[in-house]
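The chain contents come next:
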Amino acid sequence: MAKTIEDLFFYLTFIFDFFIILLVLISSKTKKIKKEIWFIFSYCILNSLTNYLSTLYSYEEEYFLYAFFTLLEYSIFAFFLAKTINKSLISKLIFSLSCAFLIFVLLHTFTSKSDGLDSIPIGIETILILIYSFYYLYLQINIVDETFIYSRYQFWIIVGFMVYLGGSFFIYILANNVSYDVLKDYWFLTYAFYIIKNILFGVGLYTYAKSSKRKYSQKFQPSLN
Amino acid sequence: MFLLQASNQPGISLVLFMGTLGMLLLTVGLILFIIFHQRKVIRYQMRLQQMEQEQQKVLLKASIRLQEEERQRIAADLHDDAGPLLATARLYLNENLVNQDKATQLQSIFQARQILDDTIQLVRNISHSLMPPTLKNFGLESAISDLFQKISGAGTINASSRFHEYKDRLKTEKETIVFRVVQELINNILKHSGSSFIHLTQNMQGGIFILRIHHDGRGIIQSDFEKLNKSNIGLGLKNITSRLKVAHGNILFEKDPSQTYYKVTMEIPSDDANEA
């Protein structure tokens, strides 16, 4: 039963990745897509590819695959947040922390024992991304205008990061310290959080498409004077 | 560290479950808090804006009403005073005048001339009440000084004014605004305060034109002014507010620290930086 549920969630991640990819492609036909959205698009392709390759590779090879994926995932999320926050000082800080993280992940991957999952890099990635996301939300609180926070597409995507990383944080950091059976019981949750994240990405992309349309129609409103 | 130590114990499953649940609740809780907080802030802003709009509406209505009242007053002055005077003059100058003797003719012409002089004076008074010539020709200082001399001349109140730093005059529009506000304030003091003296002083401070009026009668403080401004009464006070808004100025009603006098302070920026 557990195996069936786990498999179901695993396959659903592919479907939801495909859903996001499709959404971006459809949107790109009618309007110009921002660079950040293309990064989200690439992330979904990357995730599907990693999930697929993980079924082909051996346990030891998987370790390097996941480490590489963590690095790319962090880079995409950090880039998106830096672009969204759009403050030169914060962007520089994110860039510096990202460089330090890159060096750490490379050192950790090639020097530590390959034991299933790169828990420590994932833990650090989660903490860093959550800090950037909290900062983004803090900035949003201080903005006093008449647009609700959830009317911005970035909000939904960042909430997606937070739910996914926050939800799977404990599972990932304890992955190498619990028995395989216990891990198997909880592993489907990471897929569930991944699916929730993709649903939130979908809402974000829908909001983005809607807001772009609104801007377009406002710009070309005829003057009735 | 605790979690790593606890990893080999049977409770690890619970730790994993509670940790995941805790993190999820924390994240979702934070997001919900931010959403609701922002909604609250936006609603508060919108309410403030709405209140400001309502206040603007009240001021606009007051201004229109005041204009109407002023028109009615001028119409009444012309109709009730100038009209009968001119009609009387016409009576003296009727067609039968040529058939009358020279003495009667001279007397009628003299009477008609007298009435026409009175009418001219009346029209001049109406015109002066609309725009005092002293203000137009000699500026705010002279106009206020003139106004205060007239009040003092009546003998019941001692009114005095003193301008300390008024070498660079305000723009004509601003001078008119200040004069109208002073007129309104003085009118209120004369009508309601029962004071024995009114004293006006002028100063400049960092490009701000400051005018203070002291009196020893019954007065109002800022909270009364704001209350009256929001209510349906106090048309003159609303007029003061709307006039000062145009000049980017503000007004403060307070009681002197000695609790003996009431003080009204008006501040108006002398430069045009705010008007751009």
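Our structure is the block above this text.
About the thresholds
- Residues numbered from 1 in each chain as written.
- Chains lettered and ligands numbered in written order.
- Predicted model: local features only at pLDDT ≥ 70, side-chain atom pairs only at ≥ 80, totals over all residues.
- Heavy atoms only, no water.
- Helix = DSSP H or I, 4+ residues; strand = E, 2+ residues; numbered from the N terminus.
- Contact = heavy atoms within 4.5 Å.
- Areas by Shrake-Rupley, 256 points an atom, 1.4 Å probe, with all protein chains shown as cover.
- Salt bridge = Lys/Arg side-chain N within 4 Å of Asp/Glu carboxyl O.
- Buried < 20%, exposed > 50% of the residue type's maximum accessible area, 1.4 Å probe, protein only.
- Axes fitted to C-alpha atoms, helices over the stretch in contact; angles between N-to-C directions.
- Parallel < 35°, antiparallel > 145°, perpendicular 65-115°, else oblique.
- Buried area = accessible area lost by both parts, 1.4 Å probe.
- Polar contact = N/O pair within 3.5 Å; in protein donor to acceptor, adjacent residues only side chain to side chain.
- Nonpolar A, V, L, I, M, F, W, Y, C, P; charged D, E, K, R; others polar.

### Some remarks on the overall build of chain B
(1) Moving on: Of the regular secondary structure elements, chain B holds eight helices and five strands.
(2) Moving on: When its helices and strands are written in sequence order, chain B yields α-α-α-α-α-β-α-β-β-α-α-β-β.
(3) Moving on: A separation threshold of at least 6 residues defines the contact pool for chain B, and within that pool the share at least 24 residues apart is 65%.
(4) Moving on: Carbon and sulfur atoms form 56% of the exposed surface of chain B, whose accessible area is close to 17400 Å².

### Points about the pattern of salt bridges
Residues and elements named next belong to chain B.
(1) Moving on: Inspection of the entire model under this criterion finds six salt bridges over all chains.
(2) Moving on: Lys150 is paired through a salt bridge with Asp146; the nearest N and O atoms lie 3.9 Å apart. You can see Lys150 and its partner Asp146 sitting in helix H5 (residues 140-153), four residues apart, about one turn around the helix.
(3) Moving on: As a salt-bridge pair, Arg169 and Glu175 come within 2.8 Å of each other at their nearest N and O atoms.
(4) Moving on: Residue classification places Arg169 among the partly exposed residues on the basis of a relative accessible area of 43%.
(5) Moving on: Classification of Glu175 as buried rests on a relative accessible area of 1%.
(6) Moving on: Among the ionic contacts, a cluster of salt bridges with common partners joins Glu70, Arg73 and Asp77.

### Points about the side chain of Gln140(A)
(1) Moving on: Along the polypeptide, Gln140(A) turns up in helix H5 (residues 119-142).
(2) Moving on: Given a relative accessible area of 7%, Gln140(A) falls into the buried group.
(3) Moving on: Once you skip the residues sitting within four places of it in the chain, Gln140(A) turns out to touch Ile149(A), Arg152(A) and Gln38(B).

### Observations concerning the environment of Ile240(B)
All names here are of chain B.
(1) Moving on: Relative to the assigned elements, Ile240 resides in helix H8 (residues 235-246).
(2) Moving on: Of the residues examined, Ile240 reaches a relative accessible area of 1% and is grouped as buried.
(3) Moving on: Among residues more than four places away in sequence, those in contact with Ile240 are Val181, Glu184, Leu185 and Ile251.

### Looking at the packing of helix H2 (residues 12-92) of chain B against helix H3 (residues 102-130) of chain B
All names here are of chain B.
(1) Moving on: Put simply, H2 and H3 touch, their axes get as near as 8 Å, and they point 170 degrees apart. It follows from the interaxial angle that H2 and H3 lie roughly antiparallel. Contact residues: H2 offers Glu70, Arg73, Ile74, Asp77, Leu78, Asp81, Ala82, Leu85, Leu86, Thr88, Ala89 and Tyr92, while H3 offers Ser108, Gln111, Ala112, Ile115, Leu116, Asp118, Thr119, Leu122, Ile126, Ser129 and Leu130.

### Quick notes on the interface of chain A and chain B
(1) Moving on: Of the residues lining the interface, 30 residues belong to chain A; the matching set on chain B comes to 26 residues.
(2) Moving on: When chain A packs against chain B, close to 2600 Å² is buried across both sides, 79% of that on carbon and sulfur atoms.
(3) Moving on: Between the two partners, chain A and chain B, sit zero salt bridges.
(4) Moving on: Inspection of the region where chain A meets chain B yields two residue pairs in polar contact (both at pLDDT 80 or more).
(5) Moving on: Those elements that provide at least two residues to the side of chain A that touches chain B are H5, helix H6 (153-174) and helix H7 (180-219) of chain A.
(6) Moving on: The leading source of residues in the side of chain A that touches chain B is H6(A), at 10 residues.
(7) Moving on: For the side of chain A that touches chain B, a count of residues per class yields 22 nonpolar, five polar and three charged.

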